[in-house]
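Report on the structure
Each chain, letter by letter, is given below.
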Amino acid sequence: MSDLLAGAGVLVAAASAAASILLPAGRARSAAMLTALVLFPALILGDQWHSPQIVDLRDEPARLIVLGAAALAAAVALAYLFTRWPMLLPLAIVAALPFRIPLHAGGDTANLLVPLYVVIAGGVLAYALREWDVSQAAARVRLLPLVLAGVVVLYALQTLYSPDFSKSLQNVCFFFVPFSLVYGLLRNVDWSRKLLSYALWLVAIEAVAFVVVGSIEYLSHDLFWNDQVIRSNDFHTYFRVNSIFWDPNVYGRYLALAIVIAMAALLWAKERRTIALLTGLVAVLWLGLVPTFSQSSFAALLAGLAVLAALRWSWRWTLGAVGAGAVLAAIIVLFAGGISKLSPDRLNVDTGGRANLVSGGTDLFAQRPLWGYGAGSFPRAYREHIATKKAPVSVSHTEPVTVAAEQGLIGLAAYAALIATALWTMSSGLFAARALSPPPARPAVLAAFVALLVHTMAYAGFYEDPIAWVLLATGASLAMTPVRTET
């Protein structure tokens, strides 16, 4: 009975999240958002009721009450602020994106997006108060939100046959449902030049602060968390930093996206003071990115810069330069590493074990090509059907492979449709314009989204990254504004 109720709860939460994406402003949408807001923490609490973390909190009810009261008070306070000053909502979401709070309980630690969840709660409360009695005619549903809502519902449906239902439920409730609310809160934001400028400098200030922390780590050769990275640094000739982030690759991804956004502003900037500030910002962020030694982040940065070059100057020349660079890089890798030494085992070692995960994910897809093993099933399916020995597995580190193994051709088609629709929406009209009027928000969003996609080809985490959902919502909102040309 409990499994049946949990499955039904997941479907209701996903349906409410999809309604939050699709419905016009009004009482129905407000109710859907409130339903999703209540269900996703309730489902997690029910699923983890007997876990060491929750048992530890249950043994200290006063602590649980204090935590709940603090979160509720923060959400209510934010709702008041967002109602009074609506511009604060998108800025608060952007500000909260990088922060994960380590929660210690039951001898274990979970790094959760608690600040973002509290901001979402405040935003939903503010939206419901403001829009409850609003009567708005249903507008024509655009393709991107329709596809995104379908992705959310499909993932929830595929939790029902997953061999690891608990993992899939957590994915739905930690990522898909709250991030759908983020999309819903941002979809109709009026991204004025003032708001875009505030968002840019907010990202810049946070990124510089992270670089300062990372630089202190690098100079002191001391990380303050993630024992796995600490142990890895002991065996390497180089020292990787992670700043406030758990993983150096996630830190590198954030800096790469920040650099791409800053470069977009720089390429279209006209005032000398702005150019100087942005140039200094890019230099600082680059210095912060280097000690992450994140190859996937460097690749993401190059991809984002290539998009900006294509938009600012010529897509033909950019395409030729990218092709030539790819051929040159392949030649260097082949001959520097030694063609004769190439082997599956060597490739797996050079990629930190990711080659085996990718090939294993491909094998899982071949076993169940149509519907896959179920949402969130990759770790368990890999260990049970592929791995010859026990090893920590989370994902294949290549997003399409993870999607294919877990969701089969059905999920892969939905993922491809979402990517194609997003790219089409974000790029519509951009390449036809000879010059864009500032601020260059749409080129920045498109370039950052492409950079994120490239990063997920080597590190996965597309659906699980709130930045992807913010870019989707912002790109869709900005696409509704016609591209202007300068004369």
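Nothing here was measured: the structure is a model prediction, and the numbers come from that model.

**Looking at the packing of aromatic side chains**
Within the structure shown, the criterion is met by 20 aromatic pairs. Ring geometry for Phe-378 and Tyr-382: centres 5.7 Å apart, planes at 20°, overall stacked. Of this pair, Phe-378 and Tyr-382 both sit in helix α17 (residues 378-385), four residues apart, which is roughly one turn of the helix. Across the pair, Tyr-382 and Phe-378 agree in class, each one buried. Three or more aromatic residues joined by ring pairs make a cluster, and in this case those are Phe-40, Tyr-117, Tyr-155, Phe-174, Phe-175, Phe-176, Phe-179, Tyr-415, Phe-449, Phe-462, Tyr-463 and Trp-469.

**Brief notes about the pattern of salt bridges**
Following the criterion strictly, the structure yields two salt bridges and no others. Glu-131 is the salt-bridge partner of Arg-130, the closest N and O atoms lying 3.4 Å from each other. We classify Glu-131 as buried; its relative accessible area is 14%. Between Asp-465 and Arg-253 there is a salt bridge whose closest N-O contact spans 3.3 Å. Of the two residues, Asp-465 sits in the loop between α19 (441-459) and α20 (466-479) while Arg-253 sits in helix α11 (residues 248-267), which places them 212 residues apart along the sequence.

**Quick word on the nonpolar core**
Counting residues in each nonpolar core, the largest one holds 130 residues, and the members touching the most others are Phe-449 and Phe-462. Residues within four places of Phe-449 in sequence aside, it is in contact with Ile-419, Ala-422, Leu-423, Met-426, Phe-462, Leu-471 and Leu-472. Counting residues in each nonpolar core, the second largest holds seven residues, with Leu-357, Tyr-373, Phe-378 and Ala-381 among its members.

**Remarks on the packing of helix α4 (residues 61-84) against helix α6 (residues 114-131)**
Remark: α4 packs on α6, axes separated minimally by 7 Å, with the N-to-C direction vectors making an angle of 50°. What the angle tells us is that α4 and α6 run oblique. The element α4 and its partner α6 pack so that their crossing is right-handed. Residue-level contacts link Ala-71, Ala-74, Ala-75, Val-76, Leu-78, Ala-79, Phe-82 and Thr-83 of α4 to Val-118, Val-119, Ala-121, Gly-122, Gly-123, Leu-125, Ala-126 and Arg-130 of α6. Residue composition of the contact of α4 with α6, by class: twelve nonpolar, three polar and one charged.

**Points about unusual backbone geometry**
A positive phi angle, close to 50°, is found at Ser-243, a residue other than glycine. Within the secondary structure layout, Ser-243 lies in the loop between α10 (227-235) and α11.

**Digging into α19**
Taking 1.5 Å of rise per residue, 19 residues should cover 27 Å, and α19 covers 26 Å from first to last C-alpha, within 8% of that figure. Among the 19 residues of α19, 16 are classified as buried, and the element is accordingly described as predominantly covered. One or two steps after α19, the chain reaches Ala-460, where phi turns positive at roughly 60°.

**Regarding the side chain of Thr-474**
The residue Thr-474 is located in helix α20 in this model. A distance of 2.7 Å separates the side chain of Thr-474 from the backbone oxygen of Val-470, its partner in a polar contact. Excluding anything up to four places from it in sequence, Thr-474 contacts Trp-191 and Val-445.

**Here's the deal with the environment of Gln-407**
In this fold, Gln-407 is placed in helix α18 (residues 399-427). Looking at Gln-407, the relative accessible area reads 3%, which means it is buried. With 249 residues separating them along the chain, Gln-407 and Gln-158 place their C-alpha atoms 7.0 Å apart. The contacts of Gln-407, once residues within four sequence positions are left out, are Leu-154, Tyr-155, Gln-158, Leu-370, Trp-371, Gly-372 and Tyr-463. Reaching out from Gln-407, the side chain makes a polar contact with the side chain of Gln-158 at a distance of 2.7 Å.

**Quick word on the packing of helix α2 (residues 27-47) against helix α8 (residues 165-186)**
Helix packing geometry: the angle between the two helix axes and the distance between the axes. Here α2 crosses α8 at 155°, and the two axes come no closer than 10 Å. Considered as vectors, α2 and α8 are oriented roughly antiparallel to each other. Crossing hand, α2 versus α8: left-handed. Between α2, through Arg-29, Met-33, Ala-36, Leu-37, Phe-40, Leu-43, Ile-44 and Asp-47, and α8, the contact on the second element is made entirely by Ser-166, Leu-169, Gln-170, Cys-173, Phe-174, Val-177, Pro-178, Leu-181, Gly-184 and Leu-185. Across the contact of α2 with α8, the residue classes tally to 13 nonpolar, three polar and two charged.

**Details of the confidence of the model for the protein chain**
Considering every residue of the protein chain, the mean pLDDT works out to 84; 84% of them sit at 70 or more. Within the protein chain, helix α5 (residues 88-96) carries the highest mean pLDDT (96), whereas helix α15 (residues 344-350) carries the lowest (50).

**Here we look at a nonpolar patch on the surface**
On the surface, a cluster of nonpolar side chains totalling about 470 Å² of accessible area is made up of Tyr-161, Leu-370, Trp-371, Leu-409 and Ile-410. Note on placement: Tyr-161 falls in the loop between α7 (143-157) and α8. By relative accessible area, Tyr-161 is classed as partly exposed at 32%.

Scoring rules and cut-offs
- Residues numbered from 1 in each chain as written.
- Predicted model: local features only at pLDDT ≥ 70, side-chain atom pairs only at ≥ 80, totals over all residues.
- Heavy atoms only, no water.
- Phe/Tyr/Trp six-rings, centres within 6.5 Å; stacked < 30°, edge-to-face > 60°.
- Helix = DSSP H or I, 4+ residues; strand = E, 2+ residues; numbered from the N terminus.
- Buried < 20%, exposed > 50% of the residue type's maximum accessible area, 1.4 Å probe, protein only.
- Salt bridge = Lys/Arg side-chain N within 4 Å of Asp/Glu carboxyl O.
- Core = buried A, V, L, I, M, F, W, Y, C linked by side-chain atoms within 4.5 Å.
- Contact = heavy atoms within 4.5 Å.
- Axes fitted to C-alpha atoms, helices over the stretch in contact; angles between N-to-C directions.
- Parallel < 35°, antiparallel > 145°, perpendicular 65-115°, else oblique.
- Left-handed = near helix turned anticlockwise from the far one by under 90°.
- Nonpolar A, V, L, I, M, F, W, Y, C, P; charged D, E, K, R; others polar.
- Expected span 1.5 Å × (residues − 1).
- Polar contact = N/O pair within 3.5 Å; in protein donor to acceptor, adjacent residues only side chain to side chain.
- pLDDT = per-residue confidence, 0-100.
- Patch = residues over 30% accessible without salt bridge, like charges linked within 9 Å, V, L, I, M, F, W, Y side chains within 5 Å.
- Areas by Shrake-Rupley, 256 points an atom, 1.4 Å probe, with all protein chains shown as cover.

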